[in-house]
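Architecture and fold: a report
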Amino acid sequence: GYSYLNVSADGLPRAELGPTSYTNPKLRFTQVLDYRDSPVLPKRGWHLRMPLEIGAAVSSDANVGYVKGALTGGWYYPISKKLDLGVGAEIAAVLPSGESSELPIDLRIFNGGARSVRSFPERELGPRVGSFATGGEASWTANVEMVRDIAGPLRGVAFVDAGTLARSFDDLGAAEIELAAGLGLRLELPIGPVRLEYGHNLTRDSGEPNGTFHFAIGVAF
């Protein structure tokens, strides 16, 4: 792939953005192992996805190469006719060839949202400047769900999520872990589950939300 990007500050200090006008040549490989009984409405089995991207941000200010990779997957097991267990996890990182500040903000890793730690809005978990998330170089997420039949295609879900995001890859082990617990409803359709969920923030710090509602289509992991 090859693209040209022009990024505006939209409230963040200019120094937090990295290059704002640059080209992005990249090459991406993805290995997928999928042993689920259904990729749309899985009840049993497991899957792994391993994307690897090699690219560069080329601008008049700085040229920085990077390697971005992730390992993500899920495992599903029917406990009974009406009760299913799901476990998901993801670890992701981007390693720039230069300083972290030279990596454009839109090439960084983000966390939070309907498919990660559900106590945060989309891409809002992690280091911040004021009220704006800055992203980082590494993150991980773990999810556990219990899903139960209610009536017809309507199902209820209870979940616990955990995850973190570090501005620098070296700081991942020391980054604060965020925990969420929540409930939701799912309507199972041929296109996948239509999900309405609320995640409560169990590790809330000043400036963080008490919790977040999410509406999404598709499996959580």
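See the structure above.
As the structure is a prediction and not an experimental result, all values here were calculated from the model.

A word on the overall build of the protein
Helices and strands together make up the secondary structure of the protein, namely 0 helices and 12 strands. In the protein, the order of α-helices and β-strands from amino to carboxyl end is β-β-β-β-β-β-β-β-β-β-β-β. Each principal axis of the C-alpha atoms in the protein carries an extent, and together these give about 60 × 40 × 30 Å. Relative to its 221 residues, the protein shows a buried fraction of 43%. For the protein, the exposed surface amounts to about 11200 Å²; the carbon and sulfur share of it is 61%.

Re the environment of Ile109
Here Ile109 shows up in the loop between strand 5 (83-96) and strand 6 (128-129). Between the C-alpha atoms of Ile109 and Lys68, which are 41 residues apart in sequence, the distance is 8.9 Å. Sequence-distant contacts of Ile109, that is, excluding residues within four places in its chain, are made with Lys68, Ala92, Ala93, Val94, Gly135, Gly136, Glu137, Ala138, Ser139 and Leu165.

Details of the nonpolar core
Membership of the largest hydrophobic core comes to 20 residues, with the highest contact counts inside it found for Ile105 and Leu107. Once residues lying within four places of it in the same chain are set aside, the contact partners of Ile105 are Val7, Leu12, Glu16, Leu17, Phe110, Ala133 and Thr134. Membership of the second largest hydrophobic core comes to 5 residues, among which are Ala93, Ala166, Leu172 and Ala175.

Focus on the pattern of salt bridges
This structure, assessed with the given rule, holds 13 salt bridges. Note that Glu145 is salt-bridged to Arg118, the shortest N-O span being 2.9 Å. In this pair, Glu145 sits in strand 8 (residues 138-151) while Arg118 sits in the loop between strand 5 and strand 6, placing the two residues 27 residues apart along the sequence. Here the two residues Glu145 and Arg118 agree in accessibility, since each one is buried. The partner of Arg186 in a salt bridge is Glu197, with the nearest N and O atoms 2.7 Å apart. Of this pair, Arg186 sits in strand 10 (residues 178-189) while Glu197 sits in strand 11 (residues 192-201), and the two are 11 residues apart along the sequence. On the basis of relative accessibility, which here comes to 2%, the residue Glu197 falls in the buried class. What emerges from the salt-bridge pattern is a single network uniting Arg118, Glu145, Asp161, Arg186, Arg195 and Glu197.

Focus on the packing of aromatic side chains
Throughout the structure, instances matching the rule amount to 4 aromatic pairs. Measuring from ring centre to ring centre gives 4.7 Å for Tyr198 and Phe213, while their planes differ by 50°; the resulting arrangement is tilted. Note that Tyr198 is positioned in strand 11 and Phe213 in strand 12 (residues 211-217), a separation of 15 residues in sequence. The class for Phe213 is exposed, based on a relative accessible area of 62%. Residue placement shows Arg118 over the ring face of Phe159; its charged tip is 3.8 Å from the ring centre.

Conventions adopted
- Residues numbered from 1 in each chain as written.
- Predicted model: local features only at pLDDT ≥ 70, side-chain atom pairs only at ≥ 80, totals over all residues.
- Heavy atoms only, no water.
- Helix = DSSP H or I, 4+ residues; strand = E, 2+ residues; numbered from the N terminus.
- Buried < 20%, exposed > 50% of the residue type's maximum accessible area, 1.4 Å probe, protein only.
- Areas by Shrake-Rupley, 256 points an atom, 1.4 Å probe, with all protein chains shown as cover.
- Contact = heavy atoms within 4.5 Å.
- Core = buried A, V, L, I, M, F, W, Y, C linked by side-chain atoms within 4.5 Å.
- Salt bridge = Lys/Arg side-chain N within 4 Å of Asp/Glu carboxyl O.
- Phe/Tyr/Trp six-rings, centres within 6.5 Å; stacked < 30°, edge-to-face > 60°.
- Lys NZ or Arg CZ within 6 Å of the ring centre and 35° of its normal.

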